[in-house]
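In case you want the letters, here they are:
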Amino acid sequence: MSNDTNDTGKPSYSAPALTKGLEVLELLAEANAPLTMKAIADRLGRSKNEIFRMLVALQERRYIERDPETDAFTLTDRLFKLGLHTPTAQDLMTVAMPELSRIAEESRQSPHLVVIHRGFTVVTAAVPGGEDMSLTLRLGYGRLSTDATSGQVILAFQSEAAARKLIDEAELHAPAPIDRVQLGRQLQAIRARGHELHDSRDLVGITDICCPVIGADGNAVASVIIAYINRHIRVSRHQETLAVLKAACARMSTRLSTRVRQQ
């Protein structure tokens, strides 16, 4: 570590190895495709020798992974999992888990807690529901936030500036420019309803039912979505399930605001 003086006359400390590692992580986080060592070195303006040891160290610590066929690197979910241990994330999980269990018990369906991270939705918790079967997504599963029902519900309950920033992050990974006018209409409709309920865009026989979890600042910090399984032998209870979900998300939102005021 070196010690220099910045323009203010105060000591300025630098850690070159740490800086290189952070540059690699930030580059891979913003890239919309895996990058080879040469591509990483070129984009960072560094030699392959400088980057090689850093990539090995990050791979050993499981922050990145290499595709053996292409030799390209991508981020793992390790950074995201570390983020779940921050006080804010822990507050959300502490508040959400009992409610997810209650939703599963009352609705006989599987609720999922979803957040947005770097333009993608991420499933952070799920509780199986159902008497004989359940549909649960794996933890860490995600899609482009602007395309996912759970992501659109979170986006619909943001301030204009916050929504714009989240959409900008999603567009970095989108295969084509996002139609912001059309998306804006969709988000406005979701906000007016206070929820989203429609047939799944991916799975036949599944209905997405989703509500926001609102933080103390009035913006959605997460959403809870149920991939409702429709069955031939039973009448679907979409509205009853929506009522259960809305009540649970309202309780979560209230508890999150209360926890912030008490700190």
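The structure displayed is predicted, hence computed values, not measured ones.

### Notes on the overall build of the chain
Scanning the chain from terminus to terminus reveals 9 helices and 10 strands. By the burial criterion, 40% of the 263 residues in the chain qualify as buried. Contacts in the chain between residues at least 24 apart in sequence constitute 53% of all its contacts with a sequence separation of at least 6. Total accessible area computed for the chain in this model is approximately 15100 Å², and 52% of it derives from carbon and sulfur atoms.

### Thoughts on the sheet that holds strand S10 (residues 220-229)
Here we have 5 strands laid out as an open sheet, ordered S7-S6-S10-S9-S8, and antiparallel in their pairing. Looking along the sheet, the strands with just one partner apiece sit at the ends: strand S7 (120-126) and strand S8 (196-199). For this sheet the average axis-to-axis angle between neighbouring strands, irrespective of direction, equals 30°. Sheet topology places S8 next to strand S9 (residues 206-214); 4 bridges connect them, and they run antiparallel. The partner of Glu-196 across the bridge, within S9, is Cys-210. Along the sheet face, helix H6 (residues 149-156) touches strand S6 (111-117), S7, S8, S9 and S10 and points at about 145° away from the line of S10.

### A short note on H6
At 3.6 residues per turn, the α-helix brings residues three or four places apart onto the same side. Summarising burial for H6: 8 of the 8 residues are buried, a large majority. Burial in H6 covers these residues: Thr-149, Ser-150, Gly-151, Gln-152, Val-153, Ile-154, Leu-155 and Ala-156.

### Structural notes on the nonpolar core
Nonpolar side chains in soluble globular proteins generally cluster together in the buried interior. Core analysis: the biggest nonpolar cluster contains 26 residues, and Ile-103, Leu-113, Val-213, Val-224, Leu-245 and Met-252 have the highest contact counts within it. Looking at this core, the elements that each hand over two or more residues are helix H5 (87-107), S6, S7, S9, S10 and helix H9 (238-262). Apart from the residues within four sequence positions on either side, Ile-103 is in contact with Arg-108, Pro-111, Val-224, Ile-226, Val-244, Leu-245 and Ala-248. If you look at the next biggest cluster of nonpolar residues, it comprises 20 residues, including Leu-144, Ala-156, Phe-157 and Ala-170.

### Notes on the packing of helix H1 (residues 16-30) against helix H2 (residues 37-44)
For the pair H1 and H2, the least separation of the axes is 11 Å and the interaxial angle reads 105°. With respect to their mutual orientation, H1 and H2 come out roughly perpendicular. Contacts between H1 and H2 involve Glu-23, Val-24, Leu-27 and Leu-28 on the former and, on the latter, Ile-40, Arg-43 and Leu-44. Here the contact of H1 with H2 is composed, by residue class, of 5 nonpolar, no polar and 2 charged.

### What to know about the pairing of S9
Within S9, 8 of the 9 residues are buried, which leaves it mostly tucked inside the rest of the structure. What sits between the antiparallel neighbours S8 and S9 is a turn of 6 residues, in which Gly-205 has the positive phi angle 85°. Note that S9 and S10 share 9 bridges and pair antiparallel. Within S10, the position partnered with Asp-208 by the bridge is Ala-227. Where S9 folds back on S10, the antiparallel hairpin that results is connected by 5 residues, among which Gly-218 adopts a positive phi of roughly 90°.

### Describing the environment of Val-114
Here Val-114 shows up in strand S6. For Val-114, a relative accessible area of 2% puts it in the buried group. When the C-alpha positions of Val-114 and Ile-225 are compared, they lie 7.5 Å apart, and in sequence the two are 111 residues distant. Setting aside chain neighbours within four positions, we find Val-114 in contact with Thr-121, Val-122, Val-123, Ser-150, Ile-154, Ala-222, Ser-223 and Ile-225.

### Looking at the sheet that holds strand S3 (residues 35-36)
Spatially, the 3 strands line up as an open sheet ordered S3-S5-S4, and their pairing is antiparallel. The strands lining the two open edges of the sheet, one partner per strand, are S3 and strand S4 (64-66). Strands S4 and strand S5 (72-75) of the sheet are contacted by helix H3 (residues 48-60), whose axis makes an angle of about 105° with S4.

### Some thoughts on the confidence of the model for the chain
Taken residue by residue, the chain gives an average pLDDT of 86. The fraction at 70 or more is 87%. Averaged pLDDT values over the elements of the chain bottom out at 52 in strand S1 (residues 2-5) and peak at 98 in H6.

### Quick look at the packing of H2 against H3
Two quantities define a packed helix pair, namely the angle between the axes and the distance from one axis to the other. Remark: H2 packs on H3, axes separated minimally by 9 Å, with the N-to-C direction vectors making an angle of 120°. Considered as vectors, H2 and H3 are oriented oblique to each other. Relative to H3, the crossing made by H2 is right-handed. From H2, Met-37, Lys-38, Ile-40, Ala-41 and Leu-44 reach across to H3, where they touch Lys-48, Ile-51, Phe-52 and Leu-55. Of the residues in the contact of H2 with H3, the class split is 7 nonpolar, no polar and 2 charged.

About the cut-offs
Residues numbered from 1 in each chain as written. Predicted model: local features only at pLDDT ≥ 70, side-chain atom pairs only at ≥ 80, totals over all residues. Heavy atoms only, no water. Helix = DSSP H or I, 4+ residues; strand = E, 2+ residues; numbered from the N terminus. Buried < 20%, exposed > 50% of the residue type's maximum accessible area, 1.4 Å probe, protein only. Contact = heavy atoms within 4.5 Å. Areas by Shrake-Rupley, 256 points an atom, 1.4 Å probe, with all protein chains shown as cover. Pairing = 2+ DSSP bridges. Axes fitted to C-alpha atoms, helices over the stretch in contact; angles between N-to-C directions. Core = buried A, V, L, I, M, F, W, Y, C linked by side-chain atoms within 4.5 Å. Parallel < 35°, antiparallel > 145°, perpendicular 65-115°, else oblique. Nonpolar A, V, L, I, M, F, W, Y, C, P; charged D, E, K, R; others polar. pLDDT = per-residue confidence, 0-100. Left-handed = near helix turned anticlockwise from the far one by under 90°.

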